[in-house]
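Below are the chains, spelled out letter by letter.
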Amino acid sequence: MSDLTRLTHPRHPRSNAYDARWTIENQMGPHALWLLEWLAPALGLDTLPPGARVLDLGCGRAMTSVFLAREYDVQVTAADLWIKPDDNAGRLSEAGVADRVLPVLAEAHDLPFGGDTFDAIVSIDAYQYFGTDDLYLPTLTRLLKPGGRIGVVVPSVREEIDGTEPPEHLRPFWEPAFWCFHSPAWWRRHWTRSGAVEVEAADWLDDGWRDWLLWSEVCAEESPSDFMAGMARESAAMLRADQGAVLGFTRVVGRRI
């Protein structure tokens with residue numbers, strides 16, 4: 001018998017209310033609801049008025065969009081390139097939020113929205129794939145209403161890695177794509193330099209690697225997808241080798257200037 005009570009997390013009471021099996025079946029990486037719940041207070045989601053418009057950029061299978069609609073009573077645009085809108089529409093209907101979440105197919109560099117459209121922009125475990133471009137943030141934040149906030153959570157390194165090789169203990173696991181993992185200090189400087197936002201937070205999740213490891217271990221055992229289970233096993237092995245020395249999560253929040 002599976003013991004999914006391991007996923008009951010003292011820091012994330014809202015996430016605990018969601019069916020663990022549902023989160024495992026729809027995961028595409030680290031536990032997206034835990035990361036969103038960590039982001040929420042820094043982003044001020046509780047202060048948004050009912051019906052505020054939120055862009056969930058790189059929403060994956062729309063778990064975070066469901067969470068935003070249910071927990072904060074906002075209208076969500078769930079944008080993703082890899083998961084088709086029809087796929088997410090079924091999940092949103094089953095979750096009872098089809099009237100509050102609109103799934104769209106969108107590439108991050110070609111977003112089909114007008115300026116000053118959204119009260120907030122959220123991106124969980126996706127922004128690292130496109131947001132390291134020096135020119136990207138100003139083009140994205142034009143979609144925010146003046147004074148609106150953008151908040152992201154991304155896999156990260158504690159400190160920037162010098163040179164062209166990863167730390168020795170991570171070499172068996174390292175992929176070139178991991179060079180998009182940056183430190184909180186790097187993200188603060190990157191966003192500040194853009195001139196597009198006032199950076200309100202750029203911080204490290206204490207013991208975030210332990211959450212990532214626990215989640216990976218559970219998904220390795222319980223995922224119905226052989227591919228996702230395999231990915232989870234690889235992540236777990238990497239995180240056990242690292243023991244929090246290098247890898248974790250960064251939260252970044254900025255207010256449109």
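Structure shown above.
These numbers were taken from a predicted model, which means no experiment stands behind them.

A. Fine view of the overall build of the protein. When you go through the protein residue by residue, the secondary structure sums to nine helices and seven strands. Scaling as 2.2 N^0.38, a compact globule of 257 residues should have a C-alpha radius of gyration of about 18 Å, and the protein matches this with 18 Å. Along the longest, intermediate and shortest principal axes, the C-alpha atoms of the protein span 45 × 45 × 30 Å. Put simply, the protein has 257 residues, and 56% of those count as buried.

B. Examining the pattern of salt bridges more closely. Applying the stated criterion to the full structure yields 16 salt bridges. Across the pair Arg14 and Asp46 runs a salt bridge, and its minimum N-O distance is 3.2 Å. You can see Arg14 sitting in helix H1 (residues 13-16) and its partner Asp46 sitting in the loop between helix H3 (32-43) and strand E1 (53-57), a full 32 residues away along the chain. Arg14 sits in the partly exposed class, given a relative accessible area of 27%. In this structure, Arg100 and Asp99 form a salt bridge, with 3.8 Å as the shortest nitrogen-oxygen distance. Here the salt bridges do not stand alone but share partners, grouping Arg149, Glu198, Glu200 and Arg255 into one network.

C. Local environment of helix H5 (residues 85-94). Those residues of H5 that fall on the buried side of the exposure criterion are Asn88, Arg91 and Leu92. Each buried residue of H5 lies within a common arc of 100 degrees when the element is viewed along its axis, so the set occupies one face. Exposed side chains of H5 directed beyond 90 degrees from the buried face belong to Asp86 and Glu94. Here the buried face of H5 lies against helix H2 (20-26), helix H4 (63-72) and strand E3 (101-105).

D. Quick peek at the packing of aromatic side chains. The full count for this structure, using the stated rule, is 16 aromatic pairs. Each ring, one from Tyr18 and one from Trp22, has its centre 6.2 Å from the other, and the planes form 25 degrees; the classification is stacked. Per residue, the accessibility class of Tyr18 equals that of Trp22, and both read buried. Note on Tyr127 and Phe130: the rings are 5.5 Å apart at their centroids and 75 degrees apart in plane angle, and the pair reads as edge-to-face. For the residue pair Tyr127 and Phe130, the accessibility class agrees, reading buried in each case. Here a set of aromatic residues connected by ring pairs shows up, and it is made of Tyr127, Phe130, Tyr136, Trp186, Trp187 and Trp191.

E. Layout of the environment of Trp215. Topologically, Trp215 is positioned in helix H8 (residues 208-222). Sequence spacing of Trp215 and Ala42 is 173 residues, and the spatial spacing of their C-alpha atoms is 23 Å. In this view, Trp215 contacts Leu7, Thr23, Ile24, Gln27, Gly29, Pro30, His31 and Trp34; residues no more than four positions away in its chain are not counted.

F. Quick look at a nonpolar patch on the surface. Taken together, the side chains of Met28, Leu81, Trp82, Leu105 and Tyr129 present a nonpolar region at the surface, about 560 Å² in accessible area. Relative to the helices and strands, Tyr129 resides in the loop between strand E4 (118-124) and helix H6 (136-141).

G. Structural context of the sheet that holds strand E2 (residues 75-80). Taken in spatial order, the seven strands of this open sheet run E3-E2-E1-E4-E5-E7-E6, and their pairing is mixed. Among the strands making up the open sheet, the edge pair consists of E3 and strand E6 (197-204). In this sheet, adjacent strand axes meet at a mean angle of 15 degrees when their direction is disregarded. Examined bridge by bridge, E6 and strand E7 (residues 247-256) share seven bridges and lie antiparallel to one another.

H. Structural detail: the nonpolar core. Leu68 and Leu247 are the most contacted members of the largest nonpolar core, which totals 51 residues. Going through the elements one at a time, H3, H4, E2, E4, strand E5 (144-157), H8, helix H9 (226-242) and E7 are the ones with two or more residues in this core. Sequence-distant contacts of Leu68, that is, excluding residues within four places in its chain, are made with Leu36, Leu45, Val54, Asp56, Asp73, Val74, Val76 and Val122. Leu111, Val154, Ala196 and Ala202 belong to the second-largest nonpolar core, a separate cluster that totals 29 residues.

I. How the structure looks around the pairing of E3. Bridging between E2 and E3 involves five bridges; their strand directions are parallel. Following the sheet pairing, Thr77 is matched in E3 by Leu102. Tracing the backbone out of E2, into H5 and back to the parallel element E3 gives a crossover that is right-handed.

J. Just unusual backbone geometry, in detail. One non-glycine residue with positive phi stands out, namely Asp73, at about 55 degrees. Its place among the elements puts Asp73 in the loop between H4 and E2. Its identity is not glycine, yet Gln243 carries a phi of approximately 55 degrees, on the positive side. Looking at where Gln243 falls in the secondary structure, it is placed in the loop between H9 and E7.

Parameters at a glance
- Residues numbered from 1 in each chain as written.
- Predicted model: local features only at pLDDT ≥ 70, side-chain atom pairs only at ≥ 80, totals over all residues.
- Heavy atoms only, no water.
- Helix = DSSP H or I, 4+ residues; strand = E, 2+ residues; numbered from the N terminus.
- Rg over C-alpha atoms; globule rule 2.2 N^0.38 Å.
- Buried < 20%, exposed > 50% of the residue type's maximum accessible area, 1.4 Å probe, protein only.
- Salt bridge = Lys/Arg side-chain N within 4 Å of Asp/Glu carboxyl O.
- Arc of directions from axis to C-beta.
- Contact = heavy atoms within 4.5 Å.
- Phe/Tyr/Trp six-rings, centres within 6.5 Å; stacked < 30°, edge-to-face > 60°.
- Patch = residues over 30% accessible without salt bridge, like charges linked within 9 Å, V, L, I, M, F, W, Y side chains within 5 Å.
- Areas by Shrake-Rupley, 256 points an atom, 1.4 Å probe, with all protein chains shown as cover.
- Pairing = 2+ DSSP bridges.
- Axes fitted to C-alpha atoms, helices over the stretch in contact; angles between N-to-C directions.
- Core = buried A, V, L, I, M, F, W, Y, C linked by side-chain atoms within 4.5 Å.
- Right-handed = clockwise from strand over helix to strand, strands pointing away.

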